[in-house]
Amino acid sequence: MEEENRKRSSTKFIQARTHIWNHMLRYLDSLSLKCAIELRVPDAIHNHGSPMTLSELIQALHIPTSRAPFLQRIMRILVNSGFFFSFKRNEEEVYELTTSSKLLIKGSINSLAPLVVYMSGLETEMAGQAMSAWIKDASGDDENKTPFHVAYGKSVFEFASERPEFNTLFNEAMASDSKVFMGELVKEWGDVLFGKLRSLVDVGGGTGGASSMIAEAFPAVKCSVLDLAHVVDMQPENGLVEFVKGDMFIHVPAADAVLLKWVLHDWSNDDCVKILKKCKEAIPNKGGKVIIIEAVVEHDVDSDETTKTQYLLDIHMMTVSTGKERDENEWKTIFLQAGFLSYKIICDLGVHCVIEAYP
Ligand SMILES: C[S@@+](CC[C@H](N)C(=O)[O-])C[C@H]1O[C@@H](n2cnc3c(N)ncnc32)[C@H](O)[C@@H]1O
Ligand SMILES: O=c1cc(-c2ccc(O)cc2)oc2c(O)c(O)ccc12
């Protein structure tokens, strides 16, 4: 009996050690993925048109033959994480794309490669390294200060304005994620969300990527983008949407629907209420709606992966911005305080949901 108890506690102890090892090494999951994207492994397999052996892969990627064992080790962890399929052909490893790595082809129009390169980049990592110093910081009461400030002495946007390469990386990351997400949303939920509208204003719409996709799929909807003057000044006319300079805290142009995509997660609860009040003033009391695209943390509780990803995105937002990801109760409180009578979670597309708030 004693022997059995000893064995059981040793097993638990060893499992706990493995748990810690697994967790602390997890950053190498993202770095291995970033490495494969930078080497353009998904592009090479895609261009080959059929499963590729390791030697074909290193030839296509112009990697010296002597480095093949290193690439093989990177591929092994990525196969284990579901980014590639592999099988043996004549004793040699052969690799095939999975649905996930098809979304990581750099040259493809639907690619999340820029998002991975940004999210796993040195700058975001440095902000993450500063979290404990930031939490302990006595001047941490300054709600505009983030771990990114502790690491770099400035906000992510100030940093981006001084470093064109980082600025491009950041903008391409956001645009790539937006394009993939909006493509699916417009295809699957476009009729429900936008089908009956005559006009829509995309508040904080940035480069107008999201609203341009709506305008293309629904030409009857007159789409405009409201953003700050310095953002609007950078946007070329694209014939699909009208760019309007303004401040969402002051005035939102009238429309049947207001779109707020990845805007509210940048702001405090009080600021969200202020923004939503302005959006409410912009829409008709009958038939008008505010369409919010954000994470609703723990909404899809059955999916461990989705919930964990939302928690991680929340930590990412905490490190680089003053924002946060919210659960349904937090959203409900904000909508009611802003004077909306009801809301509905229309669809759940993995990490992000679409919520409609009604006046
Ligand atoms: C995180 S980005 C989201 C961009 C876009 N909605 C998307 O999904 O890619 C937030 C946007 O809000 C804009 N913004 C910030 N403050 C604003 C304000 N007071 N009025 C209007 N837009 C604002 C920023 O310039 C930026 O384009
Ligand atoms: O670093 C970020 C990342 C995001 C982001 C990335 C992917 C999504 O699907 C949603 C949001 O948003 C940010 C943001 O709004 C901000 O003000 C600063 C940084 C980031």
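The coordinates are above.
Let us look at the structure shown here. (Residues numbered from 1 in each chain as written. Chains lettered and ligands numbered in written order. Predicted model: local features only at pLDDT ≥ 70, side-chain atom pairs only at ≥ 80, totals over all residues. Heavy atoms only, no water.)

## Points about a nonpolar patch on the surface
The test is simple: Patch construction takes residues with relative accessible area above 30% that form no salt bridge. Like charges are linked within 9 Å, and nonpolar side chains (Val, Leu, Ile, Met, Phe, Trp, Tyr) are linked within 5 Å. In these tables, accessible area is a Shrake-Rupley quantity obtained with a 1.4 Å probe, and a residue counts as shielded only by the protein chains included in the view. When a carboxyl oxygen of Asp or Glu lies within 4 Å of a side-chain nitrogen of Lys or Arg, that pair is called a salt bridge. Secondary structure counts use DSSP, requiring at least four H or I residues in a row for a helix and at least two E residues in a row for a strand, with both numbered from the N terminus. Categorising residues by exposure relies on relative accessible area from a 1.4 Å probe, with only protein chains included: less than 20% of the type maximum marks a residue as buried, more than 50% marks it as exposed, and the intermediate range marks it as partly exposed.
On the surface, I20, W21, M24, L25, Y27, L28 and L31 cluster together to form a nonpolar patch covering roughly 650 Å² of accessible area. Elements with a minimum of two residues in the nonpolar patch: α1 (2–25) and α2 (27–39). For the nonpolar patch, the element with the most residues is α1, which contributes four residues. Examined against the element boundaries, L28 turns out to sit in helix α2. Using a relative accessible area of 36% as the deciding quantity, one classes L28 as partly exposed.

## Some remarks on the site of ligand 1
To be explicit about the condition: Nearness is judged by heavy atoms alone; a residue qualifies as near a molecule or strand once a single heavy atom is within 4 Å of it. Whenever two N or O atoms come within 3.5 Å, that pair is a polar contact, provided that in protein one can donate a hydrogen and the other can accept it, and provided that, for residues adjacent in sequence, both atoms are side-chain atoms. Residue polarity follows a fixed list, in which Ala, Val, Leu, Ile, Met, Phe, Trp, Tyr, Cys and Pro are nonpolar, Asp, Glu, Lys and Arg are charged, and the others, Gly among them, are polar.
Contacts to ligand 1 come from 14 residues, most closely from G204, D227, D247, M248 and K261. Between ligand 1 and the protein, one listed contact pairs an oxygen atom with a side-chain N or O atom of D227 at 2.7 Å. A total of 590 Å² of accessible area belongs to ligand 1 in isolation, and the protein chains cover 80% of it. Residue classes in the shell around ligand 1 are distributed as six nonpolar, four polar and four charged.

## Notes on the sheet that holds strand β12 (residues 352–358)
The condition is simple: Two strands pair under a simple rule: DSSP has to find at least two bridges between them. Axes, fitted as lines to C-alpha atoms, cover a helix only where it is in contact. Angles between the N-to-C directions of the axes lie from 0 to 180 degrees.
A sheet is described by the order of its strands in space; here seven strands give the open sequence β6-β5-β4-β7-β8-β12-β11, paired in mixed fashion. Of all the strands in the sheet, just β6 (241–245) and β11 (342–349) have a single pairing partner and so form its edges. This sheet shows a mean twist of 20° between the axes of neighbouring strands, independent of strand direction. As judged from the five bridges shared by strand β8 (residues 289–294) and β12, these two strands associate in the antiparallel manner. Counted as the bridge partner of I291 is E356 from β12.

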